[in-house]
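# Fold and contact review
Here is what each chain is made of, one letter per residue.
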Amino acid sequence: MKILFACSELYPLIKTGGLADVAYNLPLALSRLGHQVRIVLPAYRSLLNELGHLRAVVAFSTRIDGYRLSLLKINLENTAIPVYLIDCPELFDRSGGPYGEDREHGWPDNAKRFALFCRMVTLIAMDQADQSWQPDIVHCNDWHTGLVPLLLATAKPRPRTLFTIHNLAYQGLFDEEEFKALKLPEMVDGKRLWDYRAVEFYGQMSFMKAAIVFSDAVNTVSAGYAREVLTEQFGCGLEGLLQSIGPRFSGIANGIDNRLWDPGNDQLIDTVYGTSSLHRKVFNKLALQEAFFHARNSERLVLGVVSRLTPQKGFDLLLEALPLIMQMPVDILLLGSGDQKLEKAFKQAALKYPSRIEVKLGYDEKIAHLVIAGADALLIPSRYEPCGLTQMYAQRYGTIPVAQGVGGLADTIIDIPPFSEDIADATGVLFWQYSSSALVEALQRLEFVYSNRLLWRDLQRAGMCEDFSWESSAKEYAQLYKSLLVAQR
Ligand code: ADP
């Protein structure tokens, strides 16, 4: 099959979260299964800087709505997978992040930026941009690509469209004036666009809704989250629409990059190790302690955090629970960036509990590897989690995830039974209520297992033996694509 994968970030060129990892790994896994995949994303300034000496070829140029847009073509690093970069300096050549000046403020022209991006994706999809290559499937990801299914809805011959929701909370909402400025057709496929049954969402335009309404199929990134978003608690107002599309909506879990996240061959950590040399993991802990706590103590339980700091990730719970957690024999090392309020609160906590809490603000791949390898456990108290990657990295590294049992976290972590020595095939610790007391109780259960080294080893080994590779997810996606093509006939 020919698949065009449209996304707004792509590891290692531009990344703010797990979507970038998926955009790299899923196309790679699909091409290993024999499919022809091409990726398309905007040519942000930081991405072009990252490319540096690698010269991109201009494959096509056009003018839409007075903007000059060019299609640059490169290959995904170390692969033969073509990547299209939509270049438009007025829209994408600016300092700051892909979505805004910083994480808290979106660019004021985001509707225009991503609508034009979607228009260019549509041209590629209709074989009107690059030489004779029309995909069978256009796989769109998150709201930034949300207009593609709408724009393709009545095209002929039409590739099938799949829309993947990586996070339902970010919907691409814009006011009616911005909707009008996009000059979309009034009616599409018999539906009036400015209507609650199409793109209108409580008086605003929703890119996410447009995608859900007009795609041939919609999925999200774990079976657990797919069930949760059908409820009012997790559905962000779209639960009714998602319920109404019935079997057109499903969940397919993400995998992880087993080569990048391999404790047996990780160039970024102090000492490599595996299930048969698990005793060597402690050298990573000692190196981590030395680097951040300036003291080494192999006995001490080190809790790590590698995360965006946003309300979703539940770190208000950790802050609330800190006075109790600090009464336990544990230290915390946090690597994260995001909301200024949360960043400040953790900096203050580090001052309050010197040499017990260390905070490294920022985004740093190397430190992320050091923490995942060196910590004993990884804290993931997310309010909701579509899939989550770090709990899978952690398990691969014999680092025990401690997480709220939601979405993909509940799907990929097997909870230890409370205070029992019979831990069977458990791989982590889950708590089932979003409360600081539930988090503290989970940490007490963790400590109980940690105090019994044989049990702890069993827990580590069980996690390390789990298979989180992309191959099985890619097979599920291929199956879903195929079902869309069959349905068309
Ligand atoms: P989300 O996409 O919601 O941020 P995921 O768990 O799906 O959450 O993916 C997060 C990805 O970003 C992981 O690859 C994780 O290692 C990485 N990450 C998050 N914060 C940081 C950070 N501060 N430094 C380095 N990597 C980070």
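Rules and cut-offs
- Residues numbered from 1 in each chain as written.
- Predicted model: local features only at pLDDT ≥ 70, side-chain atom pairs only at ≥ 80, totals over all residues.
- Heavy atoms only, no water.
- Helix = DSSP H or I, 4+ residues; strand = E, 2+ residues; numbered from the N terminus.
- Rg over C-alpha atoms; globule rule 2.2 N^0.38 Å.
- Buried < 20%, exposed > 50% of the residue type's maximum accessible area, 1.4 Å probe, protein only.
- Contact = heavy atoms within 4.5 Å.
- Areas by Shrake-Rupley, 256 points an atom, 1.4 Å probe, with all protein chains shown as cover.
- Pairing = 2+ DSSP bridges.
- Right-handed = clockwise from strand over helix to strand, strands pointing away.
- Phe/Tyr/Trp six-rings, centres within 6.5 Å; stacked < 30°, edge-to-face > 60°.
- Axes fitted to C-alpha atoms, helices over the stretch in contact; angles between N-to-C directions.
- Arc of directions from axis to C-beta.
- Core = buried A, V, L, I, M, F, W, Y, C linked by side-chain atoms within 4.5 Å.
- Domains from an automatic or database assignment.
- Buried area = accessible area lost by both parts, 1.4 Å probe.
- Salt bridge = Lys/Arg side-chain N within 4 Å of Asp/Glu carboxyl O.

### Let's talk about the overall build of the protein chain
Of the regular secondary structure elements, the protein chain holds 18 helices and 20 strands. For the protein chain, the C-alpha radius of gyration of 23 Å lies close to 23 Å, the compact-globule estimate for 489 residues. Along the first, second and third principal axes, the C-alpha atoms of the protein chain reach 65 × 50 × 45 Å. Every one of the 489 residues in the protein chain was classed for burial, and the buried ones make up 60%. In the protein chain, of all internal contacts separated by at least 6 residues, the share reaching a separation of at least 24 is 70%. Of the roughly 19800 Å² of accessible surface on the protein chain, 50% is carried by carbon and sulfur atoms.

### Remarks on the pairing of strand β17 (residues 357-361)
Both strand β16 (residues 330-338) and β17 contribute to a ladder of 5 bridges, which runs parallel. Counted as the bridge partner of L334 is V359 from β17. Tracing the backbone out of β16, into helix α12 (residues 340-352) and back to the parallel element β17 gives a crossover that is right-handed.

### Side note on the packing of aromatic side chains
Counting across every chain of the model gives 19 aromatic pairs. Residues Y99 and F114 carry aromatic rings whose centres are separated by 6.2 Å and whose planes lie at 45° to one another, so their mutual orientation is tilted. Here Y99, found in the loop between α3 (89-92) and α4 (110-125), pairs with F114, found in helix α4; they are 15 residues apart in sequence, far enough to count as distant. A residue is classified by how much of its surface remains accessible, and F114, at 0% relative accessible area, is buried. Seen in terms of ring centroids, W261 and Y393 are 3.9 Å apart; in terms of plane orientation they differ by 10°. Their pairing is stacked.

### Regarding unusual backbone geometry
Peptide bonds are mostly trans, and most non-glycine residues show a negative phi. In this chain, Y11 is followed by P12 through a cis amide linkage whose omega measures 0°. As for its position among the elements, P12 is in the loop between β1 (2-6) and α1 (18-32). Between K156 and P157 the backbone carries a cis peptide bond, its omega angle lying at -10°. With respect to the helices, strands and loops of the structure, P157 is situated in the loop between α5 (147-152) and β7 (160-165). One non-glycine residue, D65, lies in positive phi territory at about 55°. Phi angles above zero are rare outside glycine, and K183 is one such case at about 50°. Inspection of the secondary structure assignment puts K183 in the loop between α6 (176-181) and β9 (187-188).

### A look at the sheet that holds strand β18 (residues 377-380)
Strand order in this open sheet of 6 strands is β17-β16-β15-β18-β19-β20, and the pairing throughout is parallel. Looking along the sheet, the strands with just one partner apiece sit at the ends: β17 and β20 (429-431). Each adjacent strand pair in this sheet contributes to an overall mean axis angle of 20°, direction not counted. Two strands pair when backbone bridges link them, and strand β15 (residues 301-309) and β16 are joined in this way by 9 bridges, in the parallel orientation. Bridge pairing in β16 links S307 to G336. Relative to the sheet, helix α13 (residues 365-374) contacts β15, β16, β17 and β18, its axis offset from that of β15 by approximately 145°.

### Observations concerning helix α11 (residues 315-325)
Residues lying three or four places apart along an α-helix face the same way, a consequence of the helix completing one turn every 3.6 residues. Among the residues of α11, F315, L317, L318, A321, L322 and I325 are the ones counted as buried. Buried positions in α11, seen along its axis, are confined to an arc of 155° and lie on one side of it.

### Let's talk about the nonpolar core
The biggest cluster of nonpolar side chains holds 142 residues, and the ones touching the most others in it are L147, L150 and I212. Looking at this core, the element that brings in the most residues is α4, giving 11 residues. Counting the residues that make up this core, at least three belong to each of domain 1 (2-255 + 470-488) and domain 2 (275-464). In contact with I212, other than residues within four places in its own chain, are F163, I165, V218, L238, L241, L242, I245 and R248. With 42 residues, the next largest nonpolar core counts M326, V359, I416 and A442 among its residues.

### A closer look at the environment of A291
Structurally, A291 is set in helix α10 (residues 281-292). Once the C-alpha coordinates of A291 and L370 are considered, the two residues, 79 residues apart in sequence, prove to be 10.0 Å apart.

### Some thoughts on the sheet that holds β7
Taken in spatial order, the 9 strands line up as β3-β4-β5-β2-β1-β6-β7-β13-β14 in an open sheet, and their pairing is mixed. Each end of this open sheet is capped by a strand with a single partner; those strands are β3 (57-64) and β14 (249-251). The average angle at which neighbouring strand axes cross in this sheet is 20°, direction not considered. In this sheet, strand β5 (residues 82-87) lies alongside strand β2 (residues 36-42) in parallel orientation, the contact comprising 4 bridges. Across the sheet, residue P42 finds its bridge partner in β5, namely I86.

### What to know about the domain arrangement of the protein chain
Looking at the protein chain, the domain boundaries give domain 1 (2-255 + 470-488) and domain 2 (275-464). Taken over C-alpha atoms, the centre of domain 1 sits 33 Å from the centre of domain 2. Taking both partners together, domain 1 and domain 2 bury about 1500 Å²; carbon and sulfur atoms supply 52% of that area. Run the count over domain 1 and domain 2 and you get 1 salt bridge. K15 serves as the salt-bridge partner of E365, at 3.8 Å between the closest nitrogen and oxygen.

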